[in-house]
Amino acid sequence: MSDHEKPGPGNFIRTIISEDLAGGKHQRVVTRFPPEPNGYLHLGHAKSICLNFGIAREFTDKMTLARCHLRFDDTNPSTEEAAYVEAIREDVLWLGFDWGEHLYFASDYFTTLYEYAEHLIKNDQAYVCDLSAEEIRATRGTLTTAGRDSPFRHRSRTENLDLFRQMRAGAFADGTRVLRAKIDMAAANLNLRDPVLYRIIHRRHHRSGDKWCIYPMYDYAHPISDAHEHITHSLCTLEFADHRPLYDWFLANLPVPCRPRQIEFARLNLGYTVLSKRKLQQLVNEGCVSGWDDPRMPTLAAVRRRGYPAAAIRNFCDKIGVAKKESLVDLSLIEHCVREDLNENAVRVMGILNPLKVIINNYPTGQSEELIAQNHPQKPEMGTRLLPFGREIYIEREDFMAEPVKNFFRLAPGQEVRLRYAYFIKCREVIKDEQGEIIGIICSYDPATIGGKAPDGRRVKGTIHWVAADRAITAELRLYDRLFTVENPEKAAAAGAVLKDFINPESRVTLQGCRLEPSLADARLDQHYQFERQGYFCLDRQDSQPQHPVFNRTITLRDTWEKIKAR
RNA sequence: UGGGGCGUCGUCAAGCGGUAAGACACAAGACUUUGACUCUUGCAUUCGUAGGUUCGAAUCCUGCCGCCCCAGCCA
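Residues numbered from 1 in each chain as written. Chains lettered and ligands numbered in written order. Predicted model: local features only at pLDDT ≥ 70, side-chain atom pairs only at ≥ 80, totals over all residues. Heavy atoms only, no water.

### Structural notes on the protein's contact with RNA strand B
Then, number 1: Around RNA strand B, the structure places 69 residues, and the nearest of them are Phe409, Arg420, Gly451, Gln530 and Thr560.
Then, number 2: When atoms of RNA strand B within 4 Å of the protein are split into backbone and base, the sugar-phosphate part holds 66%.
Then, number 3: In this structure, Arg348 approaches RNA strand B through a side-chain N or O atom, which is 2.7 Å from a base oxygen.
Then, number 4: A distance of 3.3 Å separates a base oxygen of RNA strand B from a polar atom in the backbone of Gly452.
Then, number 5: Going through the elements one at a time, α5 (133–139), β6 (196–200), α11 (310–320), α12 (331–345) and α14 (560–566) are the ones with two or more residues in the surface near RNA strand B.
Then, number 6: Ranked by the residues each element gives to the surface near RNA strand B, the list is headed by α12, at 4 residues.
Then, number 7: Of the residues belonging to the surface near RNA strand B, the class tally is 25 nonpolar, 21 polar and 23 charged. (Near = heavy atom within 4 Å. Polar contact = N/O pair within 3.5 Å; in protein donor to acceptor, adjacent residues only side chain to side chain. Helix = DSSP H or I, 4+ residues; strand = E, 2+ residues; numbered from the N terminus. Nonpolar A, V, L, I, M, F, W, Y, C, P; charged D, E, K, R; others polar.)

Rendered as structure tokens:
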């Protein structure tokens with residue numbers, strides 16, 4: 001008994017596949033991920049990619065090789081572009097999946113699809129209809145009333161064939177005729193009321209060029225493409241459930257090599273963002289974000305730029321599960337996955353977001369030294385680095401309070417803290433400008449506490465991060481927060497408002513003049529960094545320059561202090 | 001009012017007739033040279049609801065209620 005025959009844990013799709021395998025319906029599993037190249041992939045697609053490729057991986061063993069195809073659903077040249085194809089391939093690869101030899105395009109099947117259409121015509125199961133789009137709509141009927149037959153429904157096969165061939169030859173203008181399946185204008189399922197199979201679009205296709213001027217509809221192309229690739233399980237989202245009878249109708253009425261089974265699952269919805277290409281396109285078009293890869297966007301290109309590891313997204317997709325219930329997943333779940341990965345892999349460094357100068361008055365002027373810091377406290381194998389220290393340093397403005405609140409155990413007048421990996425310092429004096437603004441503080445340090453250890457065993461409650469003033473590098477830091485102010489922006493916008501109204505004005509805050517420890521001058525694009533006590537950061541792949549480094553904050557560290565403070 | 005789908009903890013989600021997994025969130029505590037991490041503990045007598053079948057029901061049956069999708073020559 002192979003592993004296949006055990007019912008898969010959890011989701012209903014794995015259960016179905018296991019049963020199909022156990023019942024001998026299939027020897028191997030073949031799935032596919034079928035993006036349309038008309039936009040960028042987002043986290044919702046990641047769910048589908050992980051599901052489809054994950055199943056292929058899971059149902060592969062020594063005896064049987066399961067696989068997942070990458071197929072571009074490029075049946076509509078008016079919205080699709082080759083550039084998207086490249087971006088999508090990159091995204092899938094980045095996510096960690098490989099289609100191997102199995103890269104396909106629906107456009108590869110245009111000839112087959114056309115021949116099948118003639119087959120339907122010859123069987124009196126399809127006809128050329130001269131009605132306009134408006135007329136077709138008007139005769140389709142409503143949810144509760146049947147549609148009316150098109151006056152062209154009873155053309156002869158010969159006439160249909162001739163007309164269809166003329167359509168293909170470019171004899172007609174866009175929108176003047178379509179090929180329709182002849183099914184049932186009274187069907188309760190609107191998809192069966194003589195659906196359009198082919199429409200005329202005189203437009204250059206990114207792959208087939210000007211070879212065609214008629215293009216197949218999704219409903220028609222999809223089942224045939226699946227069948228020709230010997231897909232066993234065609235997974236799609238819930239809104240296609242109504243299309244399944246049509247999917248099956250084509251498979252039953254055409255000489256296809258096999259009959260794939262369509263199974264629907266619920267699409268992903270994530271809190272405080274939108275996961276629909278149309279809506280994302282809108283944000284880009286309206287200038288709400290800087291582009292498809294603006295780090296606040298939920299696109300794969302954006303989260304990659306922001307610093308979300310691919311492994312974290314895969315883990316997230318595992319955790320959310322697959323079901324038919326429409327749900328809204330907590331943003332905190334993906335954040336947890338990102339932190340979990342980054343905590344493990346990010347190199348620890350120190351960086352000051354809002355610098356406050358500290359002068360250590362008993363540290364000899366002109367003296368400096370190098371102190372040893374660990375790159376990851378829990379992983380000594382990640383090594384150490386040297387941190388320059390001197391008389392003048394910067395600390396985080398937030399780590400000093402002239403009038404400390406209760407339980408504030410960082411720096412305050414007379415209070416002692418540890419400078420991470422350095423010394424204990426005590427605040428002696430506050431320097432203010434004419435406006436009374438604090439511009440620096442004067443502290444004393446205890447040389448005996450070098451490395452941050454107290455030989456006398458005395459304890460300090462706070463440890464803060466710092467950088468040496470003269471050796472720090474200056475950088476721009478971009479802090480990101482949730483894109484929207486409401487958890488369910490689509491729902492909020494449906495209630496009369498527009499999406500734009502719910503954009504979080506603080507979703508991006510740019511900080512200039514941040515001071516970072518000198519090791520960051522050699523920061524690499526593929527490395528994640530934890531700025532201790534602040535969060536995880538990575539170099540921005542678009543805007544960072546050697547002379548002007550730009551870091552994106554991937555995510556903050558969990559902040560219990562925020563909660564304590566709020567009480 | 002037609003058709004399709006769905007209702008299990010705040011959020012996801014197992015469960016498939018034998019007496020409610022797990023994760024996130026949250027709360028309390030321990031540890032701590034990151035108020036991070038880690039650890040420990042707590043968190044659905046109840047599965048939309050009302051009946052029925054059964055020794056036994058979240059699981060089977062019936063009614064009701066609620067939510068989502070469908071009238072593109074988009075996918």
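### Description of the packing of helix α2 (residues 43–58) against α11
Then, number 1: Running from amino to carboxyl end, α2 crosses α11 at an angle of 75°, the nearest separation of the two axes being 9 Å. As far as their axial angle goes, α11 and α2 are roughly perpendicular. Of the residues in α11, those touching α2 at Leu43, Ala46, Lys47 and Cys50 are Ile313, Arg314, Cys317 and Ile320.
Then, number 2: Across the contact of α2 with α11, the residue classes break down as 6 nonpolar, no polar and 2 charged. (Axes fitted to C-alpha atoms, helices over the stretch in contact; angles between N-to-C directions. Parallel < 35°, antiparallel > 145°, perpendicular 65-115°, else oblique. Contact = heavy atoms within 4.5 Å.)

### Considerations on the domain arrangement of chain A
Then, number 1: Domain parsing of chain A yields domain 1 (3–265), domain 2 (277–348 + 475–566) and domain 3 (354–465).
Then, number 2: Computed over C-alpha atoms, the centres of domain 1 and domain 3 are 64 Å apart. (Domains from an automatic or database assignment.)

### Points about α12
Then, number 1: Compared with the 21 Å implied by 1.5 Å per residue over 15 residues, the 22 Å span of α12 between its first and last C-alpha is a close match.
Then, number 2: When α12 is considered as a whole, its buried residues turn out to be Leu331, Ile334, Cys337, Val338, Arg339, Asp341 and Leu342.
Then, number 3: Along its buried surface, α12 packs onto α2, α11, β10 (347–349), β24 (535–539) and β25 (550–556). (Expected span 1.5 Å × (residues − 1). Buried < 20%, exposed > 50% of the residue type's maximum accessible area, 1.4 Å probe, protein only.)

### Concerning the sheet that holds β6
Then, number 1: Strand order in the open sheet formed by 4 strands is β4-β5-β6-β7, and the pairing between neighbours is antiparallel. Two strands close off the open sheet at either side, each with one partner strand: β4 (126–129) and β7 (214–216). Averaged over neighbouring strand pairs, the angle between their axes works out to 20° when direction is ignored.
Then, number 2: Sheet strands in contact with helix α4 (residues 110–122) are β4, β5 (178–181), β6 and β7, and its direction is about 120° off that of β6. (Pairing = 2+ DSSP bridges.)

### Thoughts on the pattern of salt bridges
Then, number 1: For the coordinates displayed, the defined rule picks out 38 salt bridges.
Then, number 2: Two residues, Arg267 and Glu239, come together in a salt bridge whose shortest N-O distance is 2.9 Å. Remark: Glu239 occurs in the loop between β8 (233–237) and α8 (244–253) and Arg267 occurs in the loop between β9 (261–265) and α9 (277–285); sequence separation between them is 28 residues.
Then, number 3: Put simply, Arg305 and Asp543 hold a salt bridge, and the shortest N to O gap is 3.4 Å. Of the two residues, Arg305 is situated in helix α10 (residues 300–306) and Asp543 in the loop between β24 and β25; the sequence distance between them amounts to 238 residues.
Then, number 4: Shared partners join several salt bridges into a network, and the residues in it are Asp293, Arg305, Glu476, Arg478, Asp540 and Asp543. (Salt bridge = Lys/Arg side-chain N within 4 Å of Asp/Glu carboxyl O.)

### Points about the pairing of strand β16 (residues 416–419)
Then, number 1: The alternating pattern of β16 places Val417 and Leu419 on a buried face, while none of Glu416 and Arg418, on the opposite face, is buried.
Then, number 2: Relative to strand β17 (residues 424–432), β16 runs antiparallel, the two sharing 3 bridges. Its bridge partner lying in β17, Arg418 is registered against Phe424.
Then, number 3: Where β16 hands over to β17, the hairpin turn is made up of 4 residues, of which Tyr421 adopts a positive phi near 65°.
Then, number 4: As paired strands, β16 and strand β19 (residues 463–464) are joined by 2 bridges and run parallel to one another. Bridged to Arg418 within β19 is Thr463.

### Description of the pairing of β24
For a regular strand, the rule is simple: side chains alternate between the two faces of the sheet.
Then, number 1: Within β24, 5 of the 5 residues are buried, which leaves it mostly tucked inside the rest of the structure.
Then, number 2: Residue alternation in β24 divides its side chains into two sets, Gly535, Phe537 and Leu539 and Tyr536 and Cys538, and both sets are buried.
Then, number 3: Judged from the 3 bridges that link them, strand β23 (residues 529–531) and β24 form a sheet pairing that is antiparallel. Within β24, the position partnered with Tyr529 by the bridge is Phe537.

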